[in-house]
Amino acid sequence: MFKKILVCICLCFLFSINHIHAENLAANAQSSILIEASTKQVLYKNNETEKLYPASTTKIMTMILMFEAINKGSLSWDEKLTCSEYAASMGGSQIYLEQGETMSVSDLFKSIAIASANDSCVMIAERIGGTIDSFVEMMNEKASELNLTNTHFVNATGLHDDNHYTCALDLSTMAAYLIDIGGDTLFETTSLYDSYIREDSDSKFWLVNTNKLLNSYEGCDGLKTGYTKEAGYCIVSTAKRNGLRLIAVVLKESNPTTRNTEVAQLLDYGFSLYESITLFKKDDVIENVDIKNATISSVDIVALNDITYIKNKNNASKITYECQYTNLNPPLNAGDVVGYLLLKQDNETIGSYELTIKQNIKALSLIEKAYDYLLNFI
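Below: a short report on this structure. On a predicted model such as this, the values are computed, not experimentally measured, just so you know.

## Description of the overall build of the protein chain
Thinking step 1. Scanning the protein chain for helices and strands turns up 9 helices and 16 strands.
Thinking step 2. The C-alpha extent of the protein chain, read off along each of the three principal axes, is 85 × 70 × 40 Å.
Thinking step 3. The buried share of the protein chain, taken over its 378 residues, is 47%.
Thinking step 4. When contacts within the protein chain are restricted to residue pairs at least 6 apart in sequence, those whose partners lie at least 24 apart make up 60%.
Thinking step 5. For the protein chain, the exposed surface amounts to about 19000 Å²; the carbon and sulfur share of it is 48%.
Thinking step 6. Counting 31 positive and 47 negative side-chain charges, the protein chain places the centres of these two groups 6 Å from one another.

Structure, rendered in structure tokens:
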């Protein structure tokens, strides 16, 4: 009996601590949010839709367009770009590119991700968009595609403009998308605390990351800091522990120390309260279902991707699932989406995941259908 009472006291104490943390997270930030990266599930938020100046966290969108161009083959890592007069004229954070100087896309990306180089951003933007104005149009088009309703871009760098703004929620969505399309290649660079460019020249340049959490927070491997007088100190930070990747955003902090402390508090809160649970792995068989008018009588339904959900460790409610099929009419090809697995908790749907098949299924011909009918009739 004594042990049971002690356990109850400890649990109550734990709940109390979690509640206090939630009430006081990122208290000095104008706006903040914490999400899980793969599902974009919001774990904490405060003034998350308030329009604010993003400073260099803007470069997340610039990197999105760069990775999209690389992924579709219209830009390559080893391509050499030439610095324009406009790119060389950029102020703020820079690597002091000179007009006519050439640099690889790989080194330009390294300069953006690590040192927040404005001149490198402009070189990438001019290459992808043709002109800065065209690139900014692409940024705003992508913002619309991602349903970023409180975002508007005027430039590729984040240098201040009264009409250049976003919000914590939109930044977290951008970050999740960049992580999705950038993958390990992104983190190979954003996780570097320092590096070099122009290594084979007399102008070797040392890059030092503006994200100091890389050396102080376990699992941190990105993503982007920002500062202007108008924006204050901002950061979009991501970290991964035990298979759980979180994205935390704080905007308009008064100094970098408070910014780093409070974004770390958000991450601590997430890692202490939530865990990633994999219900099914990609290609796992969920169930076998009957199929009509096909050359086979049944088919295995499998997970198109890992089916993972984010569990609140303090919520003991049972997780259930059900399959809903949208297309089981042959002919079907392996990889076709045939329905969805719906995860439910407390009678509410908390996730929807695509289901598929691993084999091609042919439809019965008219003669085969007639033959089947006769067999059933007889």
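## Topic: helix 4 (residues 105-115)
Thinking step 1. Within helix 4, 10 of the 11 residues are buried, leaving the element largely enclosed by the surrounding structure.
Thinking step 2. Within two residues after helix 4, Ser116 carries a phi angle of roughly 55 degrees, on the positive side.

## Focus: the sheet that holds strand 14 (residues 319-325)
Thinking step 1. Spatial strand order, 11-12-16-15-14: 5 strands in an open sheet with antiparallel pairing. Where the open sheet ends on each side, the last strands, each with one partner, are strand 11 (285-290) and strand 14. Here the average twist between neighbouring strands, direction ignored, is 35 degrees.
Thinking step 2. Of the strand pairs in this sheet, strand 11 and strand 12 (residues 298-303) are connected by 5 bridges, and their pairing is antiparallel.

## With respect to the environment of Glu50
Thinking step 1. Note that Glu50 resides in the loop between strand 2 (42-46) and helix 2 (59-71).
Thinking step 2. Sequence-distant contacts of Glu50, defined by excluding residues within four places in its chain, comprise Gln30, Thr166 and Cys167.

## Let's talk about the pattern of salt bridges
Thinking step 1. Under the definition given, this model contains 8 salt bridges.
Thinking step 2. One salt bridge in this structure joins Glu48 and Lys45, with 4.0 Å as the shortest N-O distance.
Thinking step 3. Across the salt bridge formed by Asp221 and Arg245, the nearest N and O atoms sit 2.8 Å from each other. Pair noted here: Asp221 is in strand 7 (residues 220-228) and Arg245 is in strand 9 (residues 244-253), with a separation of 24 residues, a long-range link. Comparing Asp221 with Arg245, the two get one shared label, buried.

## What to know about the packing of helix 2 against helix 4
Thinking step 1. For the pair helix 2 and helix 4, interaxial distance at closest approach is 11 Å and the crossing angle is 160 degrees. What the angle tells us is that helix 2 and helix 4 run roughly antiparallel. In this structure, helix 2 meets helix 4 at a crossing whose hand is left-handed. Here Lys59, Met63, Met66, Phe67 and Ile70 of helix 2 lie close against helix 4, whose contacting residues are Val105, Phe109, Ile112 and Ala113.

## Some words on the pairing of strand 8 (residues 232-241)
Thinking step 1. The buried fraction of strand 8 amounts to 7 of the 10 residues, a majority that puts the element mostly inside the structure.
Thinking step 2. Where strand 7 meets strand 8, 8 bridges bridge the pair, whose relative direction is antiparallel. The residue bridging Thr228 from the neighbouring strand is Gly232, located in strand 8.
Thinking step 3. The loop that links strand 7 with its antiparallel partner strand 8 comprises 3 residues.
Thinking step 4. Sheet analysis places strand 8 next to strand 9, joined by 8 bridges and oriented antiparallel. If you follow Tyr233 over to strand 9, its bridge partner there is Glu253.

## Things to note about the side chain of Asp170
Thinking step 1. Tracing the sequence through the fold places Asp170 in helix 7 (residues 168-190).
Thinking step 2. Nearest to the buried, unbridged Asp170 among oppositely charged side chains is Lys51, at 8.6 Å.
Thinking step 3. Other than its neighbours up to four places away in sequence, Asp170 contacts Leu148, Thr149, Asn150 and Thr151.

## With respect to the sheet that holds strand 2
Thinking step 1. What the 5 strands build is an open sheet, ordered 2-1-9-8-7; its pairing is antiparallel. In this open sheet, the two strands that pair with only one neighbour each are strand 2 and strand 7. In this sheet, neighbouring strand axes are inclined to one another by 5 degrees on average, regardless of whether the strands run parallel or antiparallel.
Thinking step 2. Lying over the sheet, helix 7 contacts strand 1 (31-36), strand 7, strand 8 and strand 9, oriented at roughly 125 degrees with respect to strand 9.

## A short note on the packing of aromatic side chains
Thinking step 1. Evaluated as defined, the whole model comprises 7 aromatic pairs.
Thinking step 2. With centroids separated by 5.5 Å and ring planes inclined at 45 degrees, the aromatic side chains of Trp77 and Phe109 adopt a geometry described as tilted. Linking Trp77 in the loop between helix 2 and strand 3 (80-82) with Phe109 in helix 4, this pair joins segments that are 32 residues apart in sequence.
Thinking step 3. In this structure Trp77 comes out as partly exposed when scored by relative accessible area, which is 26%.
Thinking step 4. On the basis of relative accessible area, Phe109 is assigned to the buried category, the value being 1%.
Thinking step 5. Site record: aromatic cluster; members linked through ring pairs are Phe67, Trp77 and Phe109.
Thinking step 6. Over the face of the ring belonging to Tyr196 we find Lys204, whose NZ or CZ atom lies 4.4 Å from the ring centre.

Cut-offs and rules
- Residues numbered from 1 in each chain as written.
- Predicted model: local features only at pLDDT ≥ 70, side-chain atom pairs only at ≥ 80, totals over all residues.
- Heavy atoms only, no water.
- Helix = DSSP H or I, 4+ residues; strand = E, 2+ residues; numbered from the N terminus.
- Buried < 20%, exposed > 50% of the residue type's maximum accessible area, 1.4 Å probe, protein only.
- Contact = heavy atoms within 4.5 Å.
- Areas by Shrake-Rupley, 256 points an atom, 1.4 Å probe, with all protein chains shown as cover.
- Lys, Arg positive; Asp, Glu negative; His and termini not counted.
- Charge placed at Lys NZ, Arg CZ, Asp CG, Glu CD.
- Pairing = 2+ DSSP bridges.
- Axes fitted to C-alpha atoms, helices over the stretch in contact; angles between N-to-C directions.
- Salt bridge = Lys/Arg side-chain N within 4 Å of Asp/Glu carboxyl O.
- Parallel < 35°, antiparallel > 145°, perpendicular 65-115°, else oblique.
- Left-handed = near helix turned anticlockwise from the far one by under 90°.
- Phe/Tyr/Trp six-rings, centres within 6.5 Å; stacked < 30°, edge-to-face > 60°.
- Lys NZ or Arg CZ within 6 Å of the ring centre and 35° of its normal.

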